[in-house]
Amino acid sequence: MSAFLFPPPEPAALAIAGETRRFPVRRIFCVGQNYAAHAREMGKDPSREQPCFFSKPADAVVASGATIPYPPRTTDLHHEIELVAAIGSGGADIARADALAHVFGYGAGIDLTRRDLQSEARKAGRPWDLSKGFDNSAPLGALAPATRVGHPGKGRISLAVNGAIRQDADLSDMIWSVAEIVAILSQFVRLEAGDLIFTGTPAGVGPIVSGDHVTGEIEGVGGVALTVG
Ligand code: MN
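Definitions and limits used
- Residues numbered from 1 in each chain as written.
- Predicted model: local features only at pLDDT ≥ 70, side-chain atom pairs only at ≥ 80, totals over all residues.
- Heavy atoms only, no water.
- Donors = N, O, S within 2.8 Å, 3.2 Å for Na, K, Ca; no water.
- Helix = DSSP H or I, 4+ residues; strand = E, 2+ residues; numbered from the N terminus.
- Buried < 20%, exposed > 50% of the residue type's maximum accessible area, 1.4 Å probe, protein only.
- 1 Å grid on protein atoms, 1.4 Å probe; cavity = no way out; pocket = protein on both sides within 12 Å on 5 of 7 lines; lining within 4 Å.
- Points joined across faces, edges and corners; volume = space filled by probe spheres on them.
- Pairing = 2+ DSSP bridges.
- Polar contact = N/O pair within 3.5 Å; in protein donor to acceptor, adjacent residues only side chain to side chain.
- Phe/Tyr/Trp six-rings, centres within 6.5 Å; stacked < 30°, edge-to-face > 60°.
- Lys NZ or Arg CZ within 6 Å of the ring centre and 35° of its normal.

## Observations concerning the coordination of the manganese ion
The coordination sphere of the manganese ion contains the protein donors Glu80 (OE), Glu82 (OE) and Asp111 (OD), at a distance range of 2.0 to 2.1 Å. Sequence spacing among the residues donating to the manganese ion works out to E-x1-E-x28-D. You can see Glu80 sitting in the loop between strand 7 (77–79) and strand 8 (81–87) and its partner Asp111 sitting in the loop between strand 9 (103–110) and strand 10 (113–114), a full 31 residues away along the chain. Residue class for Asp111 comes out buried when judged on its relative accessible area of 0%.

Take a look at the structure:
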């Protein structure tokens, strides 16, 4: 076996509730507009079109409790609280009925977004990459294994900034269920253990600024916290 030019980076990894072992992150997929009220606040019609997928780099993951610097090239950083499904076993063309068996567990994540860059990209018909996939753009709480918490289809999902609630909805408001998302995404790429799927955010997204303390909570799953430096 030939040597690497330089040492490969350690994989990004997440804490697992009740475990000393960590979950190695392979890829991060995200679903756009999976709650009708959020689709409407973004100026879209929340009909059941095919879900829209985008990605973040795996090393965008940042552990809950961290302080992150305010990111560059934006003056409109937004919070998006999301249920995150962590894939434990891979597969392609997964049937909806089998989909949840591929999910290891769930976490509370924040899909940090440079909304000004995203708006410019949307207007110009350009990709969202740099508005969504940037350093520290995926804060995530510890994963709760499905063997312990099941596969939550309902429960409160909320986010507060400095203690004031900004997003408050229920997982049952999702347009596409986790099983449907896993099944559809697996038609486009072969999912692998270590993949994370951000399943979309409810209404109430808005800006955060330096000094803000952000807390998210998903009933039956766990929480996530973030301070903007
Ligand atoms: Mn999102």
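Still more to cover.
## Remarks on the layout of surface pockets
Its boundaries defined by the atoms lining it, the largest pocket holds a volume of some 260 Å³. Lining the largest pocket are 15 residues, with Gly32, Gln33, Glu49, Gln50 and Cys52 positioned closest to its centre.

## Details of the sheet that holds strand 18 (residues 222–228)
Ordered by their spatial adjacency, five strands build an open sheet running 6-18-17-13-14, and the pairing between neighbours is mixed. Both outer strands of the open sheet, strand 6 (67–68) and strand 14 (164–170), are each paired with one neighbouring strand and no more. Sheet analysis places strand 6 next to strand 18, joined by two bridges and oriented parallel. Directly across from Ile68, in strand 18, lies its bridge partner Val228.

## A few points about the environment of His213
Mapped onto the elements of the fold, His213 is located in strand 17 (residues 213–218). Looking at His213, the relative accessible area reads 36%, which means it is partly exposed. Separated by 15 residues in sequence, His213 and Val228 have C-alpha atoms that sit 6.6 Å apart. Within polar-contact distance, the side chain of His213 engages the backbone oxygen of Leu226 at 3.4 Å.

## A look at the packing of aromatic side chains
Enumeration according to the criterion identifies three aromatic pairs in this entry. Geometrically, the ring pair formed by Phe23 and Phe104 is stacked, given 5.7 Å between the ring centres and 25° between the ring planes. A residue pair is termed long-range when its members are at least 10 positions apart, and Phe23 in strand 2 (residues 22–24) and Phe104 in strand 9 qualify at 81 residues. Judged by its relative accessible area of 26%, Phe104 falls in the partly exposed class. Ring geometry for Phe53 versus Phe188: centroids 6.5 Å apart, planes at 55°, classification tilted. With a gap of 135 residues between them, Phe53 in strand 4 (residues 52–56) and Phe188 in helix 5 (residues 178–188) connect regions that are remote in the sequence. Over the face of the ring belonging to Phe134 we find Lys56, whose NZ or CZ atom lies 5.9 Å from the ring centre. Sitting above the plane of the Phe134 ring, Arg114 keeps its charged end 4.4 Å from the centroid.

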